[in-house]
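Examination of the molecular architecture
Chain by chain, the residues run as shown.
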Amino acid sequence: LAAGVITKDLSRALQFVEQLQAGSVWVNQYGALQFQAPFGGFKESGHGRELGRYGLAEYYEMSSSDSQARKVEIKYTQIFINNEWHKAANGKTFPVINPSTGEEICQVEEATRVDVDKAVKAARKAFDIESPWRKYEPVARANLMRKFATLLRRDVDYLSKLETLNNGKSVEDSKGDILASADCIDYYAGWVDKITGETIPGGCDQMIFTRHEPIGVCGQIIPWNYPIMMMAWKFGPALACGNVIVLKPAEQTPLTALYCASLIKEAGFPPGVVNVVPGDGPQCGNAISVHEDIDKVAFTGSVEVGKKVQEAAAKSNLKRVSLELGGKSPLIICEDADIDYAVSVAHRAIFTNAAQNCTAGSRTFVHSKIYDEFIARSVELAKKRVVGDPFDPDTEQGPQINDSQFQKILSYIESAKKDGAKLECGGERAGNKGYFIKPTIFSGVKDNMKIAREEIFGPVMSVLKFDSYEEVIKRANGTSFGLGAGVITKDLTRGLTFAQQLQAGSVWVNDYDAVCNQAPFGGFKQSGHGRELGRYGLEAYYEVKTVVIKLV
Amino acid sequence: MLSKLVTRQVFNHGLRLTKRAASTAAQQKLVGDRNPQVNYRKLFINNEFVDAIAGNVFEVLNPATGDVIAEVADASEKDVDKAVKACKDAFRLGSEWRRMDPAARGDLLYKLADLFERDRAYLAALETVNNGKPFKDSYNIDIPHCIAVLRYYAGWPDKMNGKVLPISGDFFAYTRREPVGIVGQIIPWNFPLILLCWKIGPSVATGCTTVVKLDEHTPLTGLYVGKLIQEAGFPPGVINILSGDGPHCGASIVKHPDVNKIAFTGSTQVGKIIGGEAAKMVKRTTLELGGKSPNIVFADCNLDTAVEMSHFALFFNQGQCCCAGSRTYVEEKIYDEFVQRSVERAKRRKVGDPFDENTEQGPQISHEQMDKILDLIESGRRAGAKLLVGGQREGDKGFFVQPTVFSDVRDNHRIAREEIFGPVMQILKFKTIDEVIERANDTEYGLAASVFTNDLDKGIVVSNGLRAGSVWVNTYDNFDPVAPFGGFKQSGLGREKSEYSLDSYTEAKCVTMKISQRNS
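Looking at an unreviewed UniProt entry, one finds chain B named Aldehyde dehydrogenase domain-containing protein, with Rotaria sordida as its source organism. Reading the Sequence similarities (unreviewed entry) entry of the UniProt record for chain B gives the comment "Belongs to the aldehyde dehydrogenase family."

Chain A is annotated in an unreviewed UniProt entry as Aldehyde dehydrogenase domain-containing protein of Rotaria sordida. Checking UniProt for chain A, the heading Sequence similarities (unreviewed entry) contains the comment "Belongs to the aldehyde dehydrogenase family."

**Observations regarding the overall build of chain A**
Secondary structure assignment for chain A yields 17 helices and 22 strands. At 24 Å, chain A has a C-alpha radius of gyration in line with the 24 Å of a compact globule built from 552 residues. In terms of overall dimensions, chain A has C-alpha extents of about 80 × 55 × 40 Å along its principal axes. The buried share among the 552 residues of chain A stands at 61%. Counting every atom, chain A has about 20800 Å² of accessible surface; 51% of that belongs to carbon and sulfur. Of the side chains in chain A, 64 bear a positive and 67 a negative charge, and the two mean positions are spaced by 2 Å.

**Topic: the UniProt feature "active site" (unreviewed entry) in chain A**
Residues and elements named next belong to chain A. Mapped onto this numbering, the UniProt entry annotates "active site" (unreviewed entry) at Glu324. In this fold, Glu324 is placed in strand β13 (residues 320-324). According to the relative accessible area criterion, Glu324 is buried, its value standing at 2%. Excluding anything up to four places from it in sequence, Glu324 contacts Phe299, Thr300, Gly301, Cys358, Leu483, Phe521, Ser527 and Glu532.

**Observations concerning the UniProt feature "domain: Aldehyde dehydrogenase" (unreviewed entry) in chain A**
Look at the UniProt record and you will see "domain: Aldehyde dehydrogenase" (unreviewed entry) annotated at residues 1-63 and 85-547 of chain A. Across residues 85-547 of chain A, the secondary structure splits into 40% helix and 20% strand, with the terminal C-alpha atoms separated by 41 Å.

**With respect to the environment of Gly102 of chain A**
All names here are of chain A. Locating Gly102 in the fold gives a position in the loop between β5 (93-98) and β6 (103-109). On the basis of relative accessibility, which here comes to 30%, the residue Gly102 falls in the partly exposed class. Each C-alpha atom of the pair Gly102 and Val246 lies 29 Å from the other, and the pair is 144 residues apart in sequence. Look past the residues within four positions of Gly102 in its chain and what remains in contact with it is Ile97, Gly434 and Tyr435.

**Let's talk about the domain arrangement of chain A**
Residues and elements named next belong to chain A. Split into domains, chain A comes out as domain 1 (79-325) and domain 2 (330-392 + 399-517). Here domain 1 and domain 2 have C-alpha centroids that lie 31 Å from each other. Summed over both partners, the interface of domain 1 with domain 2 buries about 1900 Å², with 61% contributed by carbon and sulfur atoms. Interface area lost by domain 1 to domain 2 is led by Pro99, Ser100 and Trp224, which between them contribute 27%. The interface formed by domain 1 and domain 2 includes 5 residue pairs in polar contact (both at pLDDT 80 or more). Secondary-structure elements contributing two or more residues to the side of domain 1 that touches domain 2 are α6 (156-167) and α7 (171-191). In terms of residue class, the side of domain 1 that touches domain 2 is built from 12 nonpolar, 11 polar and 5 charged.

**A look at the nonpolar core**
The tendency in soluble globular proteins is for nonpolar side chains to be buried side by side. The biggest cluster of nonpolar side chains holds 127 residues, and the ones touching the most others in it are Phe148, Phe235, Phe269 and Ile333 of chain A. Ranked by the residues each element gives to this core, the list is headed by helix α8 (residues 227-240) of chain A, at 10 residues. Taken domain by domain, the makeup of this core includes at least three residues from each of domain 1 (79-325) and domain 2 (330-392 + 399-517) of chain A. If near-sequence neighbours (up to four positions away) are discounted, Phe269 of chain A is found in contact with Asn83, Trp133, Leu144, Met145, Phe148, Leu239 and Ile264 of chain A. Phe116, Ile229, Ile239 and Phe338 of chain B belong to the second-largest nonpolar core, a separate cluster that totals 97 residues.

**Let's talk about the packing of aromatic side chains**
Within this structure, the stated rule accounts for 35 aromatic pairs over all chains. It is Lys75 of chain A that lies over the ring of Tyr158 of chain A; its NZ or CZ is 4.4 Å from the centre. Seen from the ring of Trp198 of chain B, Lys497 of chain B lies directly overhead, with NZ or CZ sitting 5.3 Å from the centre.

**A look at the UniProt feature "domain: Aldehyde dehydrogenase" (unreviewed entry) in chain B**
With numbering aligned to this structure, UniProt lists the feature "domain: Aldehyde dehydrogenase" (unreviewed entry) at residues 54-511 of chain B. Helix makes up 42% of residues 54-511 of chain B and strand 20%, whereas the separation of the span's terminal C-alpha atoms amounts to 46 Å.

**A short note on the pattern of salt bridges**
Pairing between side chains becomes possible if they bear opposite charge and their charged atoms approach one another. All names here are of chain B. Per the counting criterion, the structure on display carries 62 salt bridges over all chains. One salt bridge connects Arg177 with Asp503, and the closest N-O pair in it is separated by 3.0 Å. Here Asp503 lies in helix α18 (residues 500-503) and Arg177 lies in strand β6 (residues 171-179), a separation of 326 residues in the sequence. Look at Arg177 and you get partly exposed, because its relative accessible area is 24%. A residue is classified by how much of its surface remains accessible, and Asp503, at 47% relative accessible area, is partly exposed. Across the pair Arg345 and Glu360 runs a salt bridge, and its minimum N-O distance is 2.8 Å. Within this pair, whereas Arg345 is found in helix α13 (residues 332-348), its partner Glu360 is found in the loop between α13 and α14 (367-383), the two being separated by 15 residues in sequence. For Glu360, a relative accessible area of 12% puts it in the buried group. A cluster of three or more residues bridged by salt bridges with shared partners is formed by Arg118, Asp119, Lys227 and Glu231.

**Things to note about the interface of chain B and chain A**
At the junction of the two partners, chain B supplies 36 residues and chain A supplies 30 residues. Overall, the association of chain B and chain A removes approximately 2600 Å² of surface from exposure, summing both partners, and the carbon and sulfur fraction of that is 57%. Summed over the three residues of chain B that lose the most area to chain A, namely Lys159, Leu456 and Asp457 of chain B, the buried surface amounts to 25% of that side. Our count for the contact surface shared by chain B and chain A stands at 1 salt bridge. Across the pair Asp455 of chain B and Lys8 of chain A runs a salt bridge whose closest N-O atoms are separated by 3.4 Å.

**A word on the UniProt feature "active site" (unreviewed entry) in chain B**
All names here are of chain B. UniProt feature "active site" (unreviewed entry): in the numbering of this structure it lies at Glu288. With respect to the helices and strands, the residue Glu288 is situated in strand β11 (residues 284-288). In this view, Glu288 contacts Trp198, Phe264, Thr265, Gly266, Cys322, Leu447, Phe485, Ser491 and Glu496; residues no more than four positions away in its chain are not counted.

**A closer look at helix α11 (residues 268-280) of chain B**
Residue and element names in this part refer to chain B. In this model α11 runs 19 Å from its N-terminal to its C-terminal C-alpha over 13 residues, within 8% of the 18 Å that 1.5 Å per residue would give. When we look at burial in α11, the residues that qualify are Thr268, Gly271, Ile274 and Ala278. Projected onto a plane normal to the axis of α11, the buried residues spread over an arc of 115 degrees and lie on a single side. In α11, those exposed residues whose orientation departs by more than 90 degrees from the buried face are Gln269, Lys272, Ile273 and Lys280. Of the surrounding secondary structure, the elements contacted by the buried residues of α11 are β7 (182-186), α10 (246-255), β10 (261-265) and β11. Once α11 finishes, Val282 follows within two positions and takes phi at roughly 50 degrees, a positive value.

**Some thoughts on the side chain of Asp155 of chain A**
Its place among the elements puts Asp155 of chain A in the loop between α5 (138-154) and α6. If we skip the residues at most four places from it in the chain, Asp155 of chain A touches Tyr259 and Leu263 of chain A.

**Some words on the domain arrangement of chain B**
Residues and elements named next belong to chain B. By domain assignment, chain B separates into domain 1 (2-289 + 496-505) and domain 2 (294-481). Using C-alpha coordinates to define each centre, domain 1 is positioned 29 Å away from domain 2. Taken together, the 44 residues of domain 1 in the interface contact 39 residues of domain 2. For the pair domain 1 and domain 2, the interface holds 1 salt bridge. Ionic pairing is found between Asp353 and Arg34, a salt bridge with its closest N-O pair at 2.5 Å. Linking domain 1 to domain 2 there are 10 residue pairs in polar contact (both at pLDDT 80 or more). Sorting the residues of the side of domain 1 that touches domain 2 by element identifies α1 (2-15), α6 (120-131) and α7 (135-154) as the ones contributing at least two each. Of the residues belonging to the side of domain 1 that touches domain 2, the class tally is 20 nonpolar, 16 polar and 8 charged.

Definitions and cut-offs
Residues numbered from 1 in each chain as written. Chains lettered and ligands numbered in written order. Predicted model: local features only at pLDDT ≥ 70, side-chain atom pairs only at ≥ 80, totals over all residues. Heavy atoms only, no water. UniProt positions renumbered as here; feature names shortened; annotations may be inferred. Helix = DSSP H or I, 4+ residues; strand = E, 2+ residues; numbered from the N terminus. Rg over C-alpha atoms; globule rule 2.2 N^0.38 Å. Buried < 20%, exposed > 50% of the residue type's maximum accessible area, 1.4 Å probe, protein only. Areas by Shrake-Rupley, 256 points an atom, 1.4 Å probe, with all protein chains shown as cover. Lys, Arg positive; Asp, Glu negative; His and termini not counted. Charge placed at Lys NZ, Arg CZ, Asp CG, Glu CD. Contact = heavy atoms within 4.5 Å. Domains from an automatic or database assignment. Buried area = accessible area lost by both parts, 1.4 Å probe. Polar contact = N/O pair within 3.5 Å; in protein donor to acceptor, adjacent residues only side chain to side chain. Nonpolar A, V, L, I, M, F, W, Y, C, P; charged D, E, K, R; others polar. Core = buried A, V, L, I, M, F, W, Y, C linked by side-chain atoms within 4.5 Å. Phe/Tyr/Trp six-rings, centres within 6.5 Å; stacked < 30°, edge-to-face > 60°. Lys NZ or Arg CZ within 6 Å of the ring centre and 35° of its normal. Salt bridge = Lys/Arg side-chain N within 4 Å of Asp/Glu carboxyl O. Expected span 1.5 Å × (residues − 1). Arc of directions from axis to C-beta.

Okay, here's the thing in structure tokens:
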């Protein structure tokens, strides 16, 4: 929580100020609490800061074909620790499946607790106060990050095929993900020398300042829906702030993360700064969440697992937690909307990435005056959607990630039929191999139906009808989620009113899923903690140290 | 030792490219091209090199020899009009420049920085031929610093957030940080490329368009940068570069009704004229002017460091630094020893051919500057200050002045009050903290100051008490791009580098919308 040092020596004092791990450091005095000066703990002394401008941060939310597949060479299947490749401690491997065929692509080393320990040790060493990484000038860190981004761009053709092979999204989509990931890393590289602490107007004979210091070893657990992009969102702010990383890619999609690990080494990052441990949740992810020597865990995935991660973090060493979880995001189409435009936005909002998208616009609220026409046109568009081999350039929608997701989605479709929603199109498997599902639309969906309450994570559009704007805001907010929301209207005041009243971390007006590197992204309510992207994204990756120097 | 220290000093503070580049530079023997080709002598307007409309040219000299290197186009009012017109077109609403994504503006700066890196040796040689500074410094300090500054600003365009305001009533209010518009930028001759980068960095980052006037003594590297701007892919008219003098070219920029902002670096005397003219049209103005910066050395300091850094503070760049530590206040207890060691150090300073790798000090920029410096030295001698070393012209070719040290300088001596802008060190004596703060602040300037002490309290108390835009403790001339630079009092208005510099290139626009109902 706090520390003090009494000395007359300028350089010694400043050295203590840098090296003491405490939220407040007082020089030549002790216990100097001030309204202006942030106060709060490192490590198990607590989360967040009280007092000062930083104290406010705790109290606001921010709204803001097979033939091809065989050609993709698999280069890395081992655990990446200390810039070296390792076999799993338990000698086991697990299969990685091509979702387009259901067939095995390769076996990957399975990291468990022992391997996580090893990775944490490497990371800890890389984070030692005297380590090269800690001594790098900000610009040197930025240069490494920009180099890494350049390598992602250099290898975009290979990486996009690998991503498509492993995840099932179209090659074009994979390319888009990778280029956006490189931009994200570049964006955060630009932040490195712009993360400023503050000097704070103290009482007389006092000098108060804050340092924004890296938290330390960050465990990062990422999902399978955007494997490379979620990695970039995690690496960017963590590296910009000077942290070290133990990354667990999803067990379904570890291949691109492992290849990227080789790029981390090629870019010239010192050993131990980035470690990649492929493994499952119960063994590997859990080992990260409960680890006593990991300072922060960042998780993107389901609400169910997010709760476990936070609980494990709290019970172990009170590590910092940032969570980006599920959603059941509303998209509201007002009566004044251009209907063709609204239909295209709503289509994209749900079906993008085979609907495996935490922000998917999965509750489409349409004004009763335009409801029938909206349904008719949406069905027309959904029927045109090309589902199939993600290596085929015409394909818009690939397979779902695996059999369990595939089955789960089909069961949601069944439940909707039983609950009385009207199936307008789709509703079944596409083809007889892999995990493809036809774009599905239900009309007449009611708020209390399962498909209107639970996250499906599949290509199922649920269209609900509304009459008044007061009503639809209440209904849109009547969920435990709060990740994204959209409104399509030509009315300026209405657009701004919705933007204000919708309970969601991102509200898009006349667009959907307009995610960009500069704009913070994250959830209200059970959709998560903290924000990724933008300047806000940095906040989850530094500790604030308050230094008070008494002038004696 | 100085070069080592200076190199370390500068490199330790972010001016370096990469570790590898720095170590390669240290290993290789640096040989600069004494006769770099001068390929660009015309005005750079709309991404094209054009002659001055009146067809006039002026001569550019090599200050180490006094010989003419080249004749370059001499811009006057009509050329300024043309350049401003180019700016205006580029800044038109809906133009390529105005519609460009913020990150794409950043990419242009990254690209420009890469081109500086590619042409580092050429740029350094050209800078040295034209300015006279040692090639070693051009290569190891000036060009790497330019690259660092351009890359620093490259990161800003997509990070300049406005704010959403907690307004009362049923309103929605936010701010946008919009580019100030067409900017006139007037660059001096002491750091031709560095100060060009300090100016175009924020102007590009914020989305302004600009007319740059290079100094008439040192236009060569700036014109070459025109070619790099073209190569980097900037849209035409975003950056226009003119060579010309103050009374014709500079004045036309300042008086031009379509120029929204003036950024000037130069003397306080000219700064006041520019400030006055700009005020007539309420132009935004940033001025980075002269200084007479105090350097305070306490008895409890590390004397070796203090002597070396004080020497560096004054003599770096032939003393031609606006922030030169030109009043060295030394505590009585160590005064004699400090003076003696400083004199020894000045005697060892190697003056001469700037392309010689052992040279620490090249020529002053012009005969006129040399004469002015010699005149001030004479005034110091006559006023009773003790001339301990130097005091004269060095050689009879070029504009070299010997490293000069005066002791027993009094606060009212001209050499303790006026900016000399040459290799002349004034050492003054003090007894107490209060006294030295008062004396250090007793000047119309307030650009920089420094303190040498190992005492925590003194370091903070004295730096808090000094009226200066930059205060360096146990160091001098730290120019990291993240650190703001600019003057208190008559040393200027506004700040360059750092996030602060963006403020003077942007207008805050507050948009307030009536909405039906506001909630928290």
